Amino acid sequence: MQITRKTMAVLASTLAITCAPAFAGNYAEGDPRPQPLTAQASAGDVATQTRQWMATAPTVGYPEGNPRGSVQVSQQSRAQVNAEAVAWASSGMSQIAYGEVGMDSMGPAYKSALQAFNSIRASQAAQVNAPRAQ
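All values derive from a computational prediction rather than experimental measurement.

Calculation criteria
- Residues numbered from 1 in each chain as written.
- Predicted model: local features only at pLDDT ≥ 70, side-chain atom pairs only at ≥ 80, totals over all residues.
- Heavy atoms only, no water.
- Helix = DSSP H or I, 4+ residues; strand = E, 2+ residues; numbered from the N terminus.
- Polar contact = N/O pair within 3.5 Å; in protein donor to acceptor, adjacent residues only side chain to side chain.
- Contact = heavy atoms within 4.5 Å.
- Core = buried A, V, L, I, M, F, W, Y, C linked by side-chain atoms within 4.5 Å.
- Buried < 20%, exposed > 50% of the residue type's maximum accessible area, 1.4 Å probe, protein only.
- Phe/Tyr/Trp six-rings, centres within 6.5 Å; stacked < 30°, edge-to-face > 60°.

Draft legend 1. Up close: the side chain of S91. If you trace the backbone, S91 turns up in helix α3 (residues 78–91). A polar contact is formed between the side chain of S91 and the backbone nitrogen of M93, at a distance of 3.4 Å. Excluding residues within four positions of it along the chain, S91 makes contact with A113, A116, F117 and I120.

As structure tokens, this is what we get:
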């Protein structure tokens, strides 16, 4: 038993000595810390370039015109959004988008659901635009 312990101790110390450089890091390739580039501009050069750019830079707004034209977004009421969501679900489009059916825009399931969705929306629009009887 004594021989085995001594052998194990010698083996462990030999392995520790051999692996010590691996734990210390790989400095054979040089210092891993980043070094400043020699081609960097000085602070004075940067200040000069900044002043030159500021002389030609636009003062406010966008170079193609100030103010830039805003994009008009259509807004719908909550009732319109709800009606479209109901039409989406009842036509079967929701099953195609979130269900097990594949989203093939040329397939018969998609075409029939799209046709049902468009017809439901058209009937809802007709109901909204129809004159009310008083």
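Draft legend 2. How the structure looks around the nonpolar core. Counting residues in each nonpolar core, the largest one holds six residues, listed as A87, M93, I96, Y110, A113 and F117. For this core, the secondary structure elements donating two or more residues are α4 (93–98) and α5 (108–129). The element that contributes the greatest number of residues to this core is α5, accounting for three residues. Not counting residues up to four positions away in its chain, the partners in contact with F117 are E84, A87, W88, S91 and M93.

Draft legend 3. Focus on the environment of A87. In this fold, A87 is placed in helix α3. The sequence separation of A87 and F117 amounts to 30 residues, and the corresponding C-alpha distance is 5.9 Å. Not counting chain neighbours up to four residues away, the residues in contact with A87 comprise F117, I120, R121 and Q124.

Draft legend 4. Representation of the packing of aromatic side chains in the model. This structure, assessed with the given rule, holds one aromatic pair. Judged by centre distance (5.7 Å) and plane angle (90°), the rings of W88 and F117 are edge-to-face. Taken together, the residues span a long stretch of sequence, with W88 in helix α3 and F117 in helix α5 at a distance of 29 residues. Residue classification places F117 among the buried residues on the basis of a relative accessible area of 6%.

Limitation: the analysis is restricted to geometry and does not speak to function.
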